[in-house]
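# Observations on the model geometry
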Amino acid sequence: MEQEITHDWIYIKYMITKNKKALLLGFISTITASLIFATNVQADNPYSTEKENQTSKLEAYLKFTKIVSIIEEQYVDELNSSDIINKALKGMLTNLDAHSSFMDAKESKELQVQTNGEFGGLGISVGMRDGALTVIAPIEGTPADDAGMKSQDIILKIDEKATIGMTIDKAVSLMRGKPGTPIKLTVIRKGEPKPVIVDIIRDIIEIQSVYAKTIGDDILYLRITSFDQKVVSSMRKAIAKHPNRKGLIIDLRNNPGGLLNQAIGVVDMFVDKGTIVSQKGKMANENLTYNATTNNSDTQTPLVVLVNGGSASASEIVSGALQDLKRGVVVGEKTFGKGSVQVVMPVGNNESLRLTIARYYLPSGRTIQAVGVTPDIEVAFGEIKKADDIISIKERDLQMHLESELQKVDGTKKEVKDKKENKKVITEEQIYKDTQLKSAIDILKALMISQKK
């Protein structure tokens, strides 16, 4: 049984296995039994390589038990064997990778509360990059987004607690809290000479995952903020409402990921054959391949996908698969690089183990983990200055001056009504404020012309 879970938009795969291995019960006894077993195998095995492996394993176990004994006897503070082993397990799992961890009874209970309960969050996805707690992306329309958090921000402090050496689980636990309560994040931001303090008010995170807008008469723009369970159905509805579209832009920028089946479903909407993504691990039952189907796939409409450093996990599967299958052109900046699978397993005494058990691979066989997806056309985010901007500003100033003079004559103030913005349409002004979107539109128009020919 598998289920994808979000914790303040940190995505982990939660799987409860039938065989609950009590790893910590009788730990010292288990080591002793292992030593006896290893000795017997070494005596009976005729192959020297196997003997060397067992000898090495035996020496490692002996070293561990010796160090535990020394710490228990001589460490300045009082520690029992259980405390020492728990600390050792935490260190061991943390050093495997940024996503694996050992959770004691208290932390396991917190995980269950996070999974099943209602809580206030910030609306950011975070991950470990080079040992630093890094923002993958703020989710659009959430407190973190409204407060100005940015992708690639490094969180230095949560309130007054430094994040150096802190696990992701601990960081998420500190950032979560009662809705309406304040939190202060101190972040290191690219381009800023000193750390930036960001004040945020926690809230219940409710997100619209798909936004549909039009660009001109023939381009449909689909912005996916996260891969929740409604993404595929929402996209199908949006596409059905625009039957005259001649080109599609899928914007995955600052999308931290989500449900694997929704990512596969999105790709399957545009391809009808080939592998979409595969999952490979050490255990045979973790080696899975997900293939495209021929179920109402649109294989003809020109397609451009937008990504950046805040695109992770499911976003990377979608963009990378469409790129490998030659179905779409990827534009923007290199993605985050989160392509591993974690499971959470109970191990007895209400404790649990979160372990990376597999990695995702794109159709070409390349991995996403720590590598990311490199766009076909790399474009940095920025604003495009139009040549007539200066003239427009001068004309606007002149108009304001004339209106001011009229007020002096008439003695009344003319009321200026703002035009109501159509949220279903992307305007030319918005396009010129986003170099990546402008490039995507230009590339898509070229593909549309090429298709006509």
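Residues numbered from 1 in each chain as written. Predicted model: local features only at pLDDT ≥ 70, side-chain atom pairs only at ≥ 80, totals over all residues. Heavy atoms only, no water.

## Some words on the environment of Gly265
Within the element layout of this structure, Gly265 appears in helix α8 (residues 260-268). C-alpha of Gly265 to C-alpha of Ala292: the two residues are 27 residues apart in sequence and 8.7 Å apart in space. (Helix = DSSP H or I, 4+ residues; strand = E, 2+ residues; numbered from the N terminus.)

## What to know about the layout of surface pockets
Computed from the structure, the largest pocket encloses a volume of approximately 1,300 Å³. Elements that contribute at least two residues to the lining of the largest pocket include exactly β10 (210-215), β11 (219-224), α7 (231-240) and α12 (435-452). Among the elements that make up the lining of the largest pocket, the one with the highest residue count is β10 (five residues). (1 Å grid on protein atoms, 1.4 Å probe; cavity = no way out; pocket = protein on both sides within 12 Å on 5 of 7 lines; lining within 4 Å. Points joined across faces, edges and corners; volume = space filled by probe spheres on them.)

## Observations regarding a positive patch on the surface
A cluster of basic side chains, namely Lys230, Lys237, Lys241 and Lys424, defines a positive patch on the protein surface. Relative to the helices and strands, Lys237 resides in helix α7. (Patch = residues over 30% accessible without salt bridge, like charges linked within 9 Å, V, L, I, M, F, W, Y side chains within 5 Å. Areas by Shrake-Rupley, 256 points an atom, 1.4 Å probe, with all protein chains shown as cover. Salt bridge = Lys/Arg side-chain N within 4 Å of Asp/Glu carboxyl O. Lys, Arg positive; Asp, Glu negative; His and termini not counted. Charge placed at Lys NZ, Arg CZ, Asp CG, Glu CD.)

## Things to note about the side chain of Ser319
Within the fold, Ser319 resides in helix α9 (residues 314-324). Given the relative accessible area of 0%, Ser319 is considered buried. A distance of 2.9 Å separates a polar side-chain atom of Ser319 from the backbone oxygen of Ser315. One polar contact links the side chain of Ser319 to the main-chain carbonyl oxygen of Glu316, over a distance of 3.4 Å. Once residues within four sequence positions are removed from consideration, Ser319 is found in contact with Leu252, Val305, Val307, Val330 and Val373. (Buried < 20%, exposed > 50% of the residue type's maximum accessible area, 1.4 Å probe, protein only. Polar contact = N/O pair within 3.5 Å; in protein donor to acceptor, adjacent residues only side chain to side chain. Contact = heavy atoms within 4.5 Å.)

## Some remarks on the environment of Glu160
With respect to the element layout, Glu160 can be found in the loop between β6 (154-158) and β7 (161-162). Here Glu160 falls in the exposed class, since its relative accessible area comes to 55%. Here the alpha-carbon distance between Glu160 and Thr186, two residues 26 residues apart in the chain, equals 8.8 Å. Polar side-chain contacts of Glu160 include one of 3.4 Å to the side chain of Lys157.

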